[in-house]
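Each chain is listed here by its residues.
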Amino acid sequence: MIKVITYGTFDLLHHGHIRLLQRAKALGDYMIVGVTTDDFDKSRGKINVQQSFMERIEALKALGIADEVIAEEYEGQKIDDIKRYGIDVFTVGSDWEGQFDYLKGYCDVSYLKRTEGISSSEIRGKREIRLGLAGDLSLLCKYKKEAEVVNGIRVTGVFTNNEKIVRDAQDEGISVCTSYDELLGMCDAVYIATHPSLHYEYIKRALLCGKHVLCESPIAIKYAECRELFQLSQGKCLVLMDAIKTAYSTAYNRLLLLVKSGRIGKVLSIDFTCTSLGNIYEWDREMIRKSWKSICAWGPAALLPIFQIAGTEYKKKIITSYMLSEEEKFDAYTRVDFIFPNLTASARVGKGVKSEGELVISGTKGYIYVPAPWWKTDYFEVRYEELENNKRYFYQLDGEGIRYEILAFVRAIESGKSMNYLNEDVSGAIVRIMEDFETGVDVQRIR
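Residues numbered from 1 in each chain as written. Predicted model: local features only at pLDDT ≥ 70, side-chain atom pairs only at ≥ 80, totals over all residues. Heavy atoms only, no water.

## Re the sheet that holds strand E13 (residues 316-325)
Strand pairing within a sheet occurs via backbone hydrogen bonds; the two strands may be parallel or antiparallel. Ordered in space as E19-E18-E17-E16-E12-E15-E14-E13-E20, the nine strands form an open sheet in which the pairing is mixed. Looking at the sheet topology across the chains shown, the edges are occupied by strand E19 (391-394) and strand E20 (443-446). Strand-to-strand twist of the sheet, defined as the mean angle between neighbouring strand axes without regard to direction, takes the value 10°. Examined bridge by bridge, strand E12 (residues 267-275) and strand E16 (residues 359-363) share five bridges and lie antiparallel to one another. In the strand pairing of E16, Val267 is matched with Gly363. Lying on the sheet, helix H11 (residues 250-260) is in contact with E12, E16, strand E17 (366-370), strand E18 (379-384) and E19; it crosses E18 at an angle near 20°. Contacts from helix H16 (residues 424-439) reach E13, strand E14 (330-339) and E20 within the one sheet, and its direction differs from that of E13 by about 55°. (Pairing = 2+ DSSP bridges. Helix = DSSP H or I, 4+ residues; strand = E, 2+ residues; numbered from the N terminus. Axes fitted to C-alpha atoms, helices over the stretch in contact; angles between N-to-C directions. Contact = heavy atoms within 4.5 Å.)

Here it is in structure tokens:
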């Protein structure tokens, strides 16, 4: 019996895939097909796969061409599989010509010519979303760069006072708009990174113009405004998403699953720290007025896991802030302590202080530890009293998670529904904390 093996993502299975599989099967008597897992695809830079791993597996099985379907999960697995299954022929499409010649020491290698004129990338790219960027944060540069690696979306214009962003856009042939309305007129969706005080206005104008919105958190600084925006987006069948990049990373989502599965027992305490140290103590009043407060800059990231793990119905909270400017209500450091029905939580954030940016979730069986900077993690540990039971988890993180966030945004627009990374209740709870800080509810300010 001659055994054949081939590999692929097989996203949006089409005629080209089927022809390739039929020709691969003709090379032997028994064919094994390796399907790349979601995590392995991400590690190879393929982040716009439309179907889940299980959907792709089931679609291949339904064809009835493969005798066996397996998962490809790691670099170097092809050699292991060839040895394990006693493979005689390895085959892939001719666009990989020469890339797998190293396998000739283990079996025959055959490159098959692909069917011309069709590919998963072309199918995914039939409708390209035009994205506009609005705001002055240098973060816009990162979003422009990361959008380039996500299929189905293209930056077409920017509205900014940031000279570096203007220069970059002009160099790349991207339109630099002189007004926000001009930007909205040339895009299907907009990413907003303005000062938080402008978020409500910018989001509402975009939604009224029929544009999908991805906005840096918080979405607003008043809860009533946040609710209004979500109701408006739902009424117009538009996507409104919080841009908290941590929420879309693989490691963070695996961490949440482990917590909710009871791996560390019942959670009793959640503690997070997010800080950065700049020269804010040298700022004049105008710079303070234009800058993001610590609670707005770092608060959403720190509050995200608290509300996603403990829920949004806390019994009590205390906000303690060290103020740089009382008049502008600008905090150099803020601590938010919560009491929930069954656990406590604490979020510490600051732009004028430096501390270890770690995450600790404590349970009755063990705890999860994420080292600094936890919001950009590709690694965390589950730790127990008996050290031999400890386990480390590693996941690929590209582009600080921004590309995964953009991908989720694209998929939400294409599917017409949220991808459930961050729901409206969590977004609203974050905004409520911002409003309480502004109005002084449960706030103790110190100097």
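Let's pick the thread back up.
## Side note on the environment of Arg445
Of note, Arg445 is situated in strand E20. Taking C-alpha positions, Arg445 is 25 Å from His199, a pair spaced 246 residues apart along the chain. Setting aside residues no more than four positions away along its own chain, Arg445 makes contact with Ser321, Met323, Glu326, Lys329, Phe437, Glu438 and Gly440. At 2.5 Å, the side chain of Arg445 forms a polar contact with the backbone oxygen of Phe437. (Polar contact = N/O pair within 3.5 Å; in protein donor to acceptor, adjacent residues only side chain to side chain.)

## Considering the state of the cysteines
A full pass over the atoms with the stated rule returns zero disulfides. The thiol sulfur of Cys141 is not disulfide-bonded, and the nearest other cysteine sulfur, from Cys177, lies at 16 Å. Its relative accessible area of 17% is what places Cys141 among the buried residues. Free of any disulfide, Cys209 has its nearest cysteine sulfur in Cys187, 8.8 Å distant. By relative accessible area, Cys209 is classed as partly exposed at 44%. (Disulfide = S-S within 2.5 Å. Buried < 20%, exposed > 50% of the residue type's maximum accessible area, 1.4 Å probe, protein only.)

## Re the nonpolar core
If you look at soluble globular proteins, the nonpolar side chains tend to sit buried side by side. Core analysis: the biggest nonpolar cluster contains 84 residues, and Phe307, Phe338, Ile361, Ile368 and Phe380 have the highest contact counts within it. Broken down by element, this core gets its largest block of residues, nine residues, from helix H15 (residues 402-415). Once residues lying within four places of it in the same chain are set aside, the contact partners of Phe307 are Thr312, Tyr314, Phe338, Phe340, Val426, Ala429, Ile430 and Ile433. Among the nonpolar cores identified, the runner-up in size contains 23 residues, and Tyr180, Leu183, Phe230 and Leu232 belong to it. (Core = buried A, V, L, I, M, F, W, Y, C linked by side-chain atoms within 4.5 Å.)

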